[in-house]
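The residues making up each chain are set out below.
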Amino acid sequence: MNFGGANPLKQVLTTAKSALENDDGKEFADFISLNHPFSQRQWNLSHISLDPPFDQIVFEHFQCSNAVLNRDFISAFNHQCNVIQIFARMFKTQKEDNWGLPMMNVLIKDMYSLALKADLVAVANGEMAGSKIDACADMLMTVFRVCASDSRTSIEYTKRWGLMPIINLLFKCYFKTNKLHLCKPLIIAIETNAANKDIKDLFSIADRVTYNYFVGMKHMFENEFKGADKCLSFAFENCLKNSMSNKRKILICLIPVKITLGFMPKVSILKKYNLCEFEDVVKAVKRGDIRLLNEAIAKNAAFFIRAGIYLILEKLKVITLRNLFKKIYLITGSFQIDVAKFQIALNWLGLEDVDSDETECILANMINDGYIKGYISEQHKKIVVSKVKAFPELNTFL
């Protein structure tokens, strides 16, 4: 739409008024988006001919867009929070109606984007990192409560359709500020709340991909690898095929989860998504080569730390040792194996300081954790393994 007429402000406000009269939330949402062409200009507002509270929403919106143009992101963020508060009060009064959902989606996305920029400015001014992101999360919870409480309205008109978009942004906030424990109530709201289970699988595929990505990461950090595999696999398989960067981002978490469960990614997949950092990791775990694994992790430590998976990869060491010990078991062909054989292998692979007692300790821990079925004979310095599945499949107990 062209707003270059004699009175462009009057023209666009007339369009906005028409959208409100027709309960056209999508058109009004476009109007109050910071990406709207009308938001790319400075405006001096004296009177806004819209009914309350939309006059306040529009006024705060243009105060926000003016601040963005002046690169005053803290002020812009504060004005956007004001918009959210006014909107939430209005939205709550709309009984058995959800035409405002498109507006909500635009407003919360713009607020999160401004929170990231405002937080950088706040840190530069000496404030604690994450303060604006925390404030953003508080505002998101205000809208979340409005949507979550609308449990008796029919599916067609319920505000609960706004839950997953809000939750996804809350996930982003909590992951940014390392407050993953706050994600649990949000997951419960979607997964176990009887009122929301009926629409869980009806949200847009984009929202469900994002939701499963964050839930999968939370499972991964809590060592719940089967849950992580399920969620991250869903996110990867349903992510747009041409969205290579997003699929790569998902794979960075999914690969260590798959390896932990005993499934090794193909080299072709690593090459396709430019994840060569994992090639030696996969090779080392397969071979049971603890030295190569240590070298691969050290070589790409900066990448793994940035990706947030460094500690997960450290946990692959026990699986690498399990695969090494399994090879020794297969080579010896016996159910009773000298502990010394394991020690020799560890020493040869670069763990020169590991003595007989420490080798026994490693084996005992692996038996206790379920990686090996058997026991250690202290008297004979041997490990006696089970005759049935001495080395259980990883995905059966992890």
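Cut-off values and rules
- Residues numbered from 1 in each chain as written.
- Predicted model: local features only at pLDDT ≥ 70, side-chain atom pairs only at ≥ 80, totals over all residues.
- Heavy atoms only, no water.
- Phe/Tyr/Trp six-rings, centres within 6.5 Å; stacked < 30°, edge-to-face > 60°.
- Helix = DSSP H or I, 4+ residues; strand = E, 2+ residues; numbered from the N terminus.
- Buried < 20%, exposed > 50% of the residue type's maximum accessible area, 1.4 Å probe, protein only.
- Contact = heavy atoms within 4.5 Å.
- Salt bridge = Lys/Arg side-chain N within 4 Å of Asp/Glu carboxyl O.

What am I meant to see in the packing of aromatic side chains here?
The geometry of two aromatic rings is summed up by the distance between their centres and the angle between their planes. The full count for this structure, using the stated rule, is 18 aromatic pairs. Here the aromatic rings of phenylalanine 28 and phenylalanine 31 are separated by 5.7 Å at their centres, their planes lie at 55°, and the arrangement is tilted. Of this pair, phenylalanine 28 and phenylalanine 31 are both found in helix H2 (residues 25-31), three residues apart, which corresponds to roughly one turn of the helix. With respect to class, phenylalanine 28 is no different from phenylalanine 31; both count as buried. Aromatic side chains phenylalanine 278 and phenylalanine 304 sit 5.5 Å apart centroid to centroid with 55° between the ring planes, which places their arrangement in the tilted category.

What is the right way to read the environment of phenylalanine 203 from this model?
Counting through the fold element by element, phenylalanine 203 comes out in the loop between helix H9 (194-197) and helix H10 (205-221). Sequence-distant contacts of phenylalanine 203, defined by excluding residues within four places in its chain, comprise Arg160, Trp161, Leu163, Met164, Ile190 and Arg208.

Could you clarify how one ought to interpret the pattern of salt bridges in this entry?
It is possible for side chains bearing opposite charge to pair when their charged atoms get close. On inspection of all chains with the given rule, the structure shows 10 salt bridges. Linking aspartate 229 and lysine 258 is a salt bridge whose minimum nitrogen-to-oxygen distance equals 3.0 Å. Taken together, the residues aspartate 229 in helix H11 (residues 225-238) and lysine 258 in helix H12 (residues 244-260) connect sequence positions 29 residues apart. The exposure class of aspartate 229 is buried, given its relative accessible area of 14%. By relative accessible area, which is 25% here, lysine 258 ends up partly exposed. Taking the shortest distance from any N to any O, the salt bridge between aspartate 338 and lysine 341 comes out at 3.7 Å. Relative accessible area serves as the criterion here: at 27%, aspartate 338 is assigned to the partly exposed category. Put simply, Asp338, Lys341 and Lys382 are held in one network by salt bridges that share partners.

Keep in mind that these numbers describe shape and distance, not what the molecule does.
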